[in-house]
Amino acid sequence: MTKTRAFLKWAGGKYGLVESINARLPEGRQLVEPFMGAGSVFLNSDFESYLLADINADLIHLYELLKSQPEVFIREAAALFVPANNDKAAYYDYRIAFNQEQDRFRRALLFLYLNRHGYNGLCRYNKSGGFNVPFGAYKKPYFPERELWFFAEKAQKATFVCKGYAEVFAQAQADQVFYCDPPYAPLSTTGFTTYAANGFTLDDQAILARLARETAAKGVPVLVSNHDIELTRELYRGADLQVISVKRTISRHAHNRKRVDELLALFTEHDVADSAEQPAPSAKLNQDPTD
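Residues numbered from 1 in each chain as written. Predicted model: local features only at pLDDT ≥ 70, side-chain atom pairs only at ≥ 80, totals over all residues. Heavy atoms only, no water.

Naming follows an unreviewed UniProt entry, where the chain appears as site-specific DNA-methyltransferase (adenine-specific) of Oceanisphaera profunda. In the Sequence similarities (unreviewed entry) part of its UniProt record, the chain is described as follows: "Belongs to the N(4)/N(6)-methyltransferase family." In UniProt, the chain has this text filed under Catalytic activity (unreviewed entry): "a 2'-deoxyadenosine in DNA + S-adenosyl-L-methionine = an N(6)-methyl-2'-deoxyadenosine in DNA + S-adenosyl-L-homocysteine + H(+)". (UniProt positions renumbered as here; feature names shortened; annotations may be inferred.)

**Student:** Explain unusual backbone geometry residue by residue, including any values.
**Tutor:** Not every positive phi belongs to a glycine, and N120 is a case in point at roughly 60 degrees. On the secondary structure map, N120 appears in the loop between α6 (104-117) and α7 (145-154). Residue classification places N120 among the partly exposed positions, given a relative accessible area of 47%. Even without a glycine there, the phi angle at A137 is positive, about 55 degrees. Its location among the elements puts A137 in the loop between α6 and α7. By relative accessible area, A137 is classed as exposed at 56%. (Helix = DSSP H or I, 4+ residues; strand = E, 2+ residues; numbered from the N terminus. Buried < 20%, exposed > 50% of the residue type's maximum accessible area, 1.4 Å probe, protein only.)

**Student:** Would you mind going over helix α10 (residues 202-217) in detail, with residue names and values included?
**Tutor:** With 16 residues, α10 should reach 22 Å at 1.5 Å per residue; the first-to-last C-alpha distance of 23 Å fits that figure. Along α10, the positions that sit buried rather than exposed are D204, Q205, L208, A209, L211, A212, T215 and A216. Down the axis of α10, the buried side of the element spans an arc of 165 degrees, and every buried residue falls inside it. The backbone nitrogen of D203 has a side-chain oxygen 3.3 Å away, supplied by the residue at the start of α10, namely T201. Directly after α10, the chain includes G219, whose backbone phi takes a positive value near 95 degrees. (Expected span 1.5 Å × (residues − 1). Arc of directions from axis to C-beta. Polar contact = N/O pair within 3.5 Å; in protein donor to acceptor, adjacent residues only side chain to side chain.)

**Student:** Now, about the packing of aromatic side chains: what can you tell me, with residues and values included?
**Tutor:** Throughout the structure, instances matching the rule amount to 24 aromatic pairs. Ring geometry for F35 against Y165: centres 5.6 Å apart, planes inclined by 25 degrees, an arrangement best described as stacked. One end of the pair, F35, is in the loop between β1 (30-33) and α2 (40-43); the other, Y165, is in helix α8 (residues 165-170), with 130 residues separating them in the sequence. Residue F35 is classed as buried on the basis of its relative accessible area of 13%. Looking at Y165, the relative accessible area reads 10%, which means it is buried. Here the aromatic cluster, defined as three or more aromatic residues joined through ring pairs, consists of F7, F42, F47, Y50, Y63, F151 and F160. When the ring centre of F98 is taken as reference, the NZ or CZ atom of R107 above it lies at 4.0 Å. (Phe/Tyr/Trp six-rings, centres within 6.5 Å; stacked < 30°, edge-to-face > 60°. Lys NZ or Arg CZ within 6 Å of the ring centre and 35° of its normal.)

**Student:** An account of empty space enclosed by the protein is needed here, citing residue identities and associated values.
**Tutor:** All told, the structure shown has one cavity of 30 Å³ or more when counted by the stated rule. Its boundaries defined by the atoms lining it, the largest cavity holds a volume of some 40 Å³. Every residue lining the largest cavity is listed: D58, H61, R104, R107, A108 and F111. Per-element tally for the lining of the largest cavity: the top contributor is α6, with four residues. For the lining of the largest cavity, the per-class residue count stands at two nonpolar, one polar and three charged. (1 Å grid on protein atoms, 1.4 Å probe; cavity = no way out; pocket = protein on both sides within 12 Å on 5 of 7 lines; lining within 4 Å. Points joined across faces, edges and corners; volume = space filled by probe spheres on them. Nonpolar A, V, L, I, M, F, W, Y, C, P; charged D, E, K, R; others polar.)

**Student:** Quick rundown of the confidence of the model for the chain? Include the residues and the values.
**Tutor:** Across the chain, the average pLDDT comes to 88, with 85% of residues at or above 70. For the stretch residues 192-197, pLDDT sits under 50, and the model shows nine contacts to residues farther than four places along the chain or on other chains. Counted against residues more than four places away or in other chains, residues 279-291, with its pLDDT under 50, gives 22 contacts. (pLDDT = per-residue confidence, 0-100. Contact = heavy atoms within 4.5 Å.)

**Student:** Report on the UniProt feature "binding site: S-adenosyl-L-methionine" (unreviewed entry) in the chain, specifying residues and quantitative values.
**Tutor:** This chain's UniProt record puts "binding site: S-adenosyl-L-methionine" (unreviewed entry) on W10, K14, D54 and D181. Take W10: it is sitting in the segment before α1 (18-24). What W10 contacts, discounting residues up to four positions off in sequence, is G37, A38, L59, F111, N115, G121 and C123. As for its placement among the helices and strands, D54 is situated in the loop between β2 (49-53) and α3 (57-68). The residues touching D54, leaving out its near neighbours within four places in the chain, are P34, F35, M36, G37, L59, I60, V161, C162 and K163. A polar contact is formed between the side chain of D54 and the backbone nitrogen of G37, at a distance of 3.1 Å.

Encoded structure:
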């Protein structure tokens, strides 16, 4: 299958890992994603239907509008991608306008503009709820027309909801398969400060693992991705663990970059039942033999 990129730039996006994720996803009628993000798994998988959730209301509203009004949305979005708008002053004017905008359609247009013109595909808000990503200073921001149309067409099979992960899990049904791509567990206490500020704490990591285990015990399989560290291996004990061969680089400073393995943890009814009396896996279990 030809891979399709998401139309949004997104930190932590899964475009490079979709083959590995698809190979691990069990069969089912509907794929549920409690942490949708830019939607690379949705775009590159083949299920009868999709239930796609995120707590970012701007993201979900954008997807709903693109699904229901693709022609007018794409036409008006294209008008923002002109050389005059690829300018620092113009960007900050649009950012102010976005933070003041109440109209959902106009706000969605500006969200796409800010995503493509802002720094490094970040989506960040201050404590007051204001979008505060700085200007990206790209030579020529790409207008993803083809990707927008592909998304709009596939979105006809999807339902988008602005809900937290616990609420999505509470509504799990027998014909569903869950894929969870939460904010990743911190690699160090230094990274934890920024990480916790995004609202997804270590308690959330533990709750998500518990919900995955409980949901799988009811016959609904759950696949979770995260950093491959001792914490996640402990949280995901009882799941079928696999290290993904593709690695990510951490830190924008070259001398500080490390290659970090990603872990795919598949919770199924069979594995959860078998693990009830098993000891927790070693932190070195299933490590990439090339390490």
